[in-house]
Amino acid sequence: MSALPAPAELTFRPLTEPDLPAVLDLLTASLAGGPTGTRTAEFFRWKHRLNPFGASPGLLAETPEGRLAGVRLFLRWHWHEGATGRTVTAVRPVDTATHPDFQGRGIFRRLTLDLLGQVGEQAELVFNTPNGNSLPGYRRMGWQELGHVPVALRPVRPTAFARGVRAALARRPAGPAAPADCRLPTAGDWFEAQSADGPLAELLRERIAADAADPRLAVRRTPEFLRWRYGHAPGLDYRVLTCHRGGELTGLAVGRPRRRGPLAEFTLADVLVRPGDRDSAARLLRAAARESGCDHVATHLSPGTEAAAAALRAGYLRAPRTGVTLAARTPAGPTRLTLADWRFSLGDLEVF
């Protein structure tokens, strides 16, 4: 059997549309089916080509014979800096894979550092949420661990939830999860029905105006962004909850039912209410538990938000041993940011 090419013999080049079938095959072989269970061209194009923040830059490593050895993509993202009102352009490393025949040969590092060099003039910030296995490698490439973003939980089916948690802690099977009976309207249908200057646009204008006083980095929620992120996401099954008072839209929440080991989880990605309206936030949080049809609800409630203030009376508690680690750098090196400089929703950090 002939020896495999050394990294120096591989070609590193930008990803192009004709590469998509081979890229999907490699991602599936290395990372399984992803969040939808199947890696499709439709999902890839939604995520990497239709993103309102811009198309994702990507690099490939291939052999002289054209065999794909590795792939790396950066998802473009925009944070709004409340302190100055400016947009902070960012990228998030996602969808990376090295073929098993080429692992341990420095391809992941080469792809990552080369792509960092290419986006250096287009992005101020690089961020992601690496797991415990990948975090050491990111540290070696200049990432800083900024802290742990906690998750709040609200059990819905206490017996099933407790059984699932015990099984997870003991690392043993807990039997099949009860099917989620989520009857909430789909995000695709709901966003499709919203007019350009209707109640949703009005709520978001009030929200954006109020958030201008918050100095933290946050994603500016516009109808276009929400429609892309939740309404058009193929295969992710996002659902919508709304809250009204006197016929007026006072709040919107978006989440999706999903499997979490032996449990059915409703991942509550976003909660948006009119400024200061804790009552609507509490109603949405309770409705997510009542109407999702899942064993529990999981979300992140950023400090200082109406949802965080309403969490306890809605039955949500910070869960130990859960959450994600935020890591970041600039394309050129370390960042001065800390975890306290961000205002997240779970939808900002959810791996999709």
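Please read all numbers here as calculations on a predicted model, not as lab measurements. (Residues numbered from 1 in each chain as written. Predicted model: local features only at pLDDT ≥ 70, side-chain atom pairs only at ≥ 80, totals over all residues. Heavy atoms only, no water.)

K.L.:
It is not clear to me how the packing of helix 1 (residues 20-31) against helix 2 (residues 41-48) should be interpreted in this structure. Could you clarify?
P.N.:
Between two packed helices, the angle of one axis relative to the other and the distance separating the axes together describe the packing. One way to put it is that helix 1 packs onto helix 2 with a least axis distance of 11 Å and a crossing angle of 100 degrees. Comparing the axis directions of helix 1 and helix 2 gives the class roughly perpendicular. Side by side, helix 1 and helix 2 meet where Leu20, Val23 and Leu24 of the first sit next to Ala41, Phe44 and Arg45 of the second. A breakdown of the residues in the contact of helix 1 with helix 2 according to their chemical character gives five nonpolar, no polar and one charged. (Axes fitted to C-alpha atoms, helices over the stretch in contact; angles between N-to-C directions. Helix = DSSP H or I, 4+ residues; strand = E, 2+ residues; numbered from the N terminus. Parallel < 35°, antiparallel > 145°, perpendicular 65-115°, else oblique. Contact = heavy atoms within 4.5 Å. Nonpolar A, V, L, I, M, F, W, Y, C, P; charged D, E, K, R; others polar.)

K.L.:
How should I be thinking about the side chain of Thr112 in this particular structure?
P.N.:
When you line up the elements, Thr112 lands in helix 3 (residues 107-119). Thr112 gets classed as buried once you look at its relative accessible area, which sits at 0%. What Thr112 contacts, discounting residues up to four positions off in sequence, is Arg72, Phe74, Met141 and Trp143. (Buried < 20%, exposed > 50% of the residue type's maximum accessible area, 1.4 Å probe, protein only.)

K.L.:
Any chance you could explain the nonpolar core here in plain terms?
P.N.:
In a soluble, globular protein the nonpolar side chains are often hidden away together inside. In terms of nonpolar packing, the biggest core is built from 52 residues, with Val71, Trp77, Trp79, Phe191, Leu252 and Trp342 touching the most fellow members. The residues contacting Trp77, other than those within four sequence positions of it, are Phe53, Val88, Thr89, Ala90, Phe127, Val219, Phe225, Trp228, Arg229, Asp348 and Phe352. In terms of nonpolar packing, the next biggest core, distinct from the first, is built from 25 residues, Leu184, Val273, Ala310 and Ala311 among them. (Core = buried A, V, L, I, M, F, W, Y, C linked by side-chain atoms within 4.5 Å.)

K.L.:
Is there a simple way to think about the pattern of salt bridges in this case?
P.N.:
Two side chains that carry opposite charge are able to pair once their charged atoms sit near each other. What the rule picks out here adds up to 30 salt bridges. Arg45 is the salt-bridge partner of Glu17, the closest N and O atoms lying 3.5 Å from each other. You can see Glu17 sitting in the loop between strand 1 (11-14) and helix 1 and its partner Arg45 sitting in helix 2, a full 28 residues away along the chain. For Glu17, a relative accessible area of 37% corresponds to the partly exposed category. Across the pair Glu350 and Arg256 runs a salt bridge, and its minimum N-O distance is 2.6 Å. Here Arg256 lies in strand 10 (residues 248-260) and Glu350 lies in the segment after helix 11 (346-349), a separation of 94 residues in the sequence. (Salt bridge = Lys/Arg side-chain N within 4 Å of Asp/Glu carboxyl O.)

K.L.:
Looking at this structure, I do not really get the sheet that holds strand 10. What am I missing?
P.N.:
Working definition: the strands of a sheet are paired by backbone hydrogen bonds and lie parallel or antiparallel to each other. Strand order in this open sheet of six strands is 9-10-11-12-7-13, and the pairing throughout is mixed. The outermost strands of the open sheet, each flanked by one partner alone, are strand 9 (239-245) and strand 13 (317-318). Looking at chain direction, strand 7 (residues 152-155) and strand 13 are connected through two bridges and run antiparallel. The residue bridging Ala152 from the neighbouring strand is Arg318, located in strand 13. (Pairing = 2+ DSSP bridges.)

K.L.:
What am I meant to see in helix 2 here?
P.N.:
An α-helix turns once every 3.6 residues. As a result, residues three or four positions apart point the same way. Phe43, Phe44, Trp46, Lys47 and His48 are the residues of helix 2 that are buried. Along its buried surface, helix 2 packs onto helix 1, strand 3 (68-81), strand 4 (86-98) and helix 8 (223-231).

K.L.:
Looking at this structure, how should I read the packing of aromatic side chains?
P.N.:
Any aromatic ring pair is given by two values, namely how distant the centres are and how the planes are angled relative to each other. Counted by the stated rule, this structure contains 18 aromatic pairs. On the numbers, 5.2 Å between centres and 55 degrees between planes, the contact of Phe43 with Trp46 is tilted. With a gap of three residues between them, Phe43 and Trp46 both fall in helix 2, about one helical turn apart. The burial state of Phe43 is the same as that of Trp46; both residues are buried. Here the aromatic rings of Phe225 and Trp228 are separated by 6.2 Å at their centres, their planes lie at 50 degrees, and the arrangement is tilted. Pair noted here: Phe225 and Trp228 are both in helix 8, with a separation of three residues, about one helical turn. Overall, the relative accessible area of 3% leaves Phe225 in the buried class. Residue placement shows Arg110 over the ring face of Phe12; its charged tip is 4.0 Å from the ring centre. The cationic tip of Arg229 hangs over the ring face of Phe352; the distance from NZ or CZ to the ring centre is 4.0 Å. (Phe/Tyr/Trp six-rings, centres within 6.5 Å; stacked < 30°, edge-to-face > 60°. Lys NZ or Arg CZ within 6 Å of the ring centre and 35° of its normal.)

Scope: geometric values only; no functional claims are made or implied.
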